[in-house]
Amino acid sequence: MHIQWYPGHMTKAMRMMQEAVKQVDCVIYVLDCRAIASCINPKFDELIKDKPILYVLTKSDLVEQKDVKLWIEYFNKVGKNFVVADNITGRQRNQIIDKLRAINADMIARYAQKGAKKSIRAMVVGVPNTGKSTLINCLCKDKRAVVGNRPGVTRGKQWVSLAEGIELLDTPGALPPAFEDQQKALHLAFIGSIKEDILHLDDLAIEIIKYCKEHCYDDFCQRYKLDKIDEDMVAVFDDIAKSRGYLLGKKGYDYDRTAKAIVNDFKSQKLGKIMLDYPTTTV
Ligand SMILES: Nc1nc2c(ncn2[C@@H]2O[C@H](COP(=O)(O)OP(=O)(O)OP(=O)(O)O)[C@@H](O)[C@H]2O)c(=O)[nH]1
Ligand SMILES: [Mg+2]
């Protein structure tokens, strides 16, 4: 399976960010805890290299705490500013605001010396569907930005002001123009950052089976009441369809329904709280 998705609206989004970055003091770089390394877009890194960066690791509720700990150790080791967050509870709101103030401390001090108070302007960037708009809504305690569980929900740019003197710029999710590492592209597909229409559902389901075979064999067997995961992918589809009763009359098994079930189960954590990337690669 080869994944490539770089629609026109992403080129437009990158251009908008190139202009906007000149007007901001810092950047909030949103990474999905399930695939932190895959969410790194080298094009963002280039764009924001001169700005203070706060990494917000979202969707921490979708991974095991012991796994997130490995990333916490990593970020501490390399000395990057970060907050692990879950936008469902929004519990880390004050922590994020404090860190934003901390990374802008020099600028705040410079203005204070002149007796002036300046708001902090932060641009929120990230690959699609990582929770940028949801994070902004958590921070402003309102549903100001539109959210949705699919890539490409935010299209234009949108400024949102917080009472604390912070202004946040929501931006559309953008991917790298090409994926050199298809493993990362696959992980992005698994977390819903790639538009489903360009992925073949059965191919994606096969990749999920292969992943589970290596990383969560027992959970997979238990979910579909299988004794084993067969070497032959068609046989795995047959076994699951049989156990689930996904039949197409006398014509055999319903592979579309089987593929859909596998993909949906994976995305809704029915196959476990899976962290796809471990901190072995440089972020
Ligand atoms: N479980 C969980 N879901 C989250 C979290 N943050 C966001 N979501 C969900 O993730 C989906 C995508 O959220 P958005 O805020 O629209 O993501 P985005 O990064 O703005 O996406 P684009 O605008 O398409 O780039 C939505 O269904 C959110 O409800 C989180 O911390 N935990
Ligand atoms: Mg958005």
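Since the model is a prediction, treat every value here as computed from it, not as a measurement. (Residues numbered from 1 in each chain as written. Chains lettered and ligands numbered in written order. Predicted model: local features only at pLDDT ≥ 70, side-chain atom pairs only at ≥ 80, totals over all residues.)

Novice: What's the story with the overall build of the chain in this structure? I'm lost.
Specialist: Each helix and strand counted, the chain has 11 helices and 6 strands in total. The C-alpha radius of gyration computed for the chain amounts to 21 Å, which stays within 12% of the reference 19 Å derived for 283 residues, consistent with globular compactness. Over its C-alpha atoms, taken along the principal directions, the chain stretches across nearly 80 × 40 × 35 Å. When each of the 283 residues of the chain is scored for burial, the buried share is 36%. Long-range contacts, defined as pairs at least 24 residues apart, comprise 70% of the intrachain contacts of the chain with a sequence gap of at least 6. (Helix = DSSP H or I, 4+ residues; strand = E, 2+ residues; numbered from the N terminus. Rg over C-alpha atoms; globule rule 2.2 N^0.38 Å. Buried ≥ 20, exposed ≤ 12 C-beta atoms within 10 Å, placed from the backbone. Contact = placed C-beta atoms within 7 Å.)

Novice: Looking at this structure, I do not really get the site of ligand 1. What am I missing?
Specialist: The environment of ligand 1 is made up of 24 residues, and the closest members are Gly-131, Val-147, Asn-149, Thr-154 and Gly-173. The greatest single-element share of the shell around ligand 1, amounting to 3 residues, is contributed by helix 6 (residues 132–140). A class-by-class count of the residues in the shell around ligand 1 yields 7 nonpolar, 13 polar and 4 charged. (Near = placed C-beta within 6 Å. Nonpolar A, V, L, I, M, F, W, Y, C, P; charged D, E, K, R; others polar.)

Novice: Could you clarify how one ought to interpret the pairing of strand 4 (residues 120–125) in this entry?
Specialist: Within a regular strand, the side chains alternate between the two sheet faces. For strand 4, a buried count of 5 out of 6 residues is recorded, marking the element as mostly surrounded by other parts of the structure. Where strand 1 (residues 26–32) and strand 4 come together, 4 bridges link them in parallel fashion. Residue pairing across strands places Ile-28 opposite Val-124, the latter belonging to strand 4. Across 5 bridges, strand 4 lies against strand 6 (residues 166–170) in parallel orientation. In the strand pairing of strand 6, Arg-121 is matched with Glu-167. (Pairing = 2+ DSSP bridges.)

Novice: Please explain the environment of Leu-175 as it appears in this structure.
Specialist: Structurally, the position occupied by Leu-175 is in the loop between strand 6 and helix 7 (182–190). Since 24 C-beta atoms lie within 10 Å of it, Leu-175 is described here as buried. Placed 133 residues apart in sequence, Leu-175 and Pro-42 show a C-alpha to C-alpha distance of 9.1 Å. Among residues more than four places away in sequence, those in contact with Leu-175 are Trp-5, Tyr-6, Met-10, Asn-41, Val-127, Pro-128 and Ser-193.

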